Amino acid sequence: MPPVWPGTQTARICCATVENNMLSIKASTFPIHQQKQAGFVVGFMASKIFCLHFSTMKTIDVPQSAPMVQYVERKLYKDAYRIACLGVTEEDWRLLALEAFEGLDLEVAKKSFLRLRDLKYLELIHSIEERRKRGENINSVFLADFYAYQSKFEEAAQLYRKAGQDQKAVEMFTDLREFEKAKQYLTPGRGRGKDRGGGVVANESRELLSKQAEWARNSNDPQAACDMYLTVGDHHKALEIMIENGWTDRMVNLAHDVDISQEPLLRLCARHLKSSGHYAQAAEVFEKLGDHKSLVSLYVDSFQWENAFDLVRKHPQYRGDVYFPYAAWLIENDRFDEAQEALTRAGREDEALHLLEELAENAIHETRFEDAGHYYWLLAKSCLNHAKRDRLDPSGSSVEVEKHVSKFRHFLSLSESYHVYSTVHQFIDQPFTNTLPDVFLNCANYLLHKLSDPYPRGISKLYPHITKSLLFGFRILHVPFWCFEPSLYP
């Protein structure tokens, strides 16, 4: 039977029936493709064949896959596209699109991917077209990009190397987290730096290791990430990982290894060692930096007073930074006398005097009159020292000297009164004593002759009279009635 041509003239293709009910399809000069079909072909349009079988006309869909593949095999992509337009399957369109792209016939590839609505490859084609407009015309790079999109990474890397674009291969394998393969495409000897051990490391290798370290960190492998950051010399990120994981030993080693020029890193390391309670290691870092002020703060915060005092002997300018916190610590531990001395050494003389006054008041309230006398004696001595210092100072005022002398006399008088009254109070309140009666009598007489209204707080007028009466053998009722006035009681 003579051949039948399609109703459109888009491609050189014809169909005919031959013996044994076989349908023959021939495209151009390519070999005939045959498939089983009963009846006679009277015509066809696109992929539809009109076949007469006895008295019945049948319409059969026959994809034009075979002739399209024949054109594709011979890299005649435009002719293959025209055949595909007659009607082929989606898989055939994909075959044509990929083969046309690999043959760098971007026009046919773009049309084919449009049919498939494959945005991924359409974006790649658009990118290549823009790069061509900018003057980039290395086809092997475009083809390598295409292979990378197909997950043919080894072929893509080889094409990148062939085109002299090793960095693209490195970036590709880095994105794939295949760092060992990426290292194979590093350009040796270009841009060199030093690692933490002083060895030479290419800048590209440093960048690759940094990315690998970042990936290891995100993949919950901090040990490997820390090692890689140290290798490339990124000590700050390595220290961050050490801090996150509490690796104190590694922090100490890092502080020993890095140079003093990396002061911010060393300070950060010392601060975290201090906050984690590793004071000895933190002190070593501060000593390496020569930061005595921070070292003083460390000793004070950790209550290492002996170390702090040793440091103050070498650097007296930090005396106040040590002795004032030391005084506060002594007060918290009820060691008030030592606290007063520490305040004096810290140069906080006003606060030291105020503390002595408070101690004296508390001693009176607790009827510890001997202690009260001692505190007032310390106050008197301190005021006398102030007066001596102001008198020797050329810029000192005589008014200030007189003021301190007046305070000295006042506190000295109180010191003597409370000291003597403590003996009288002991005679009245305590059942037994080993003091001679003459001592009590003399103390009572001293108070009666020295003191006048108003009596110092806590000292009773009644106690000296009772002491004298008991020592002379009188009854208590012989004491004058004015001694029992409420105002006489402390």
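Here we summarise the structure given alongside this text. (Residues numbered from 1 in each chain as written. Predicted model: local features only at pLDDT ≥ 70, side-chain atom pairs only at ≥ 80, totals over all residues. Heavy atoms only, no water.)

Considering the nonpolar core
Threshold: Definition used in this section: a nonpolar core is a set of buried Ala, Val, Leu, Ile, Met, Phe, Trp, Tyr and Cys residues joined via side-chain atoms within 4.5 Å. The classification of residues rests on relative accessible area computed with a 1.4 Å probe and restricted to protein chains. Under 20% of the type maximum is buried, over 50% is exposed, and intermediate values are partly exposed. Here a helix means four or more residues in a row that DSSP labels H or I, a strand means two or more in a row labelled E, and each is numbered from the N terminus. Residue contacts are counted whenever heavy atoms from the two residues lie within 4.5 Å of one another.
Met242, Tyr376 and Tyr418 are the most contacted members of the largest nonpolar core, which totals 70 residues. Counting residues per element, this core draws most heavily on helix α21 (residues 369-392), at eight residues. Once you skip the residues sitting within four places of it in the chain, Tyr418 turns out to touch Ile364, Phe369, Ala372, Gly373, Tyr376, Pro456, Arg457 and Ile459. By size, the runner-up hydrophobic cluster in this structure holds 38 residues, among which are Tyr77, Tyr81, Leu122 and Tyr147.

Quick notes on the side chain of Arg131
Along the polypeptide, Arg131 turns up in helix α5 (residues 119-133). Relative accessible area serves as the criterion here: at 9%, Arg131 is assigned to the buried category. Discounting chain neighbours no more than four positions away, the residues touching Arg131 are Glu136, Val141, Phe142 and Asp145.

Some thoughts on the packing of aromatic side chains
Stated formally: In this analysis, rings of Phe, Tyr and Trp, with Trp reduced to its six-membered ring, are considered paired at centre separations within 6.5 Å, and the interplanar angle assigns stacked below 30 degrees, edge-to-face beyond 60, and tilted for intermediate values.
Tallied over the entire structure, the rule returns 14 aromatic pairs. Considering the side-chain rings of Tyr121 and Tyr149, the 6.1 Å spacing of their centres and the 45 degrees angle between planes classify their relative orientation as tilted. Of the two residues, Tyr121 sits in helix α5 while Tyr149 sits in helix α6 (residues 139-149), which places them 28 residues apart along the sequence. Tyr121 sits in the buried class, given a relative accessible area of 5%. For Tyr149, a relative accessible area of 34% puts it in the partly exposed group.

Here we look at unusual backbone geometry
For Lys75, which is not glycine, the phi torsion reads 60 degrees and is therefore positive. In this structure, Lys75 sits in the loop between α1 (65-73) and α2 (77-84). Residues other than glycine seldom take positive phi values, yet Ser151 does so here, at roughly 70 degrees. Mapped onto the fold, Ser151 is located in the loop between α6 and α7 (153-162). By relative accessible area, which is 49% here, Ser151 ends up partly exposed.

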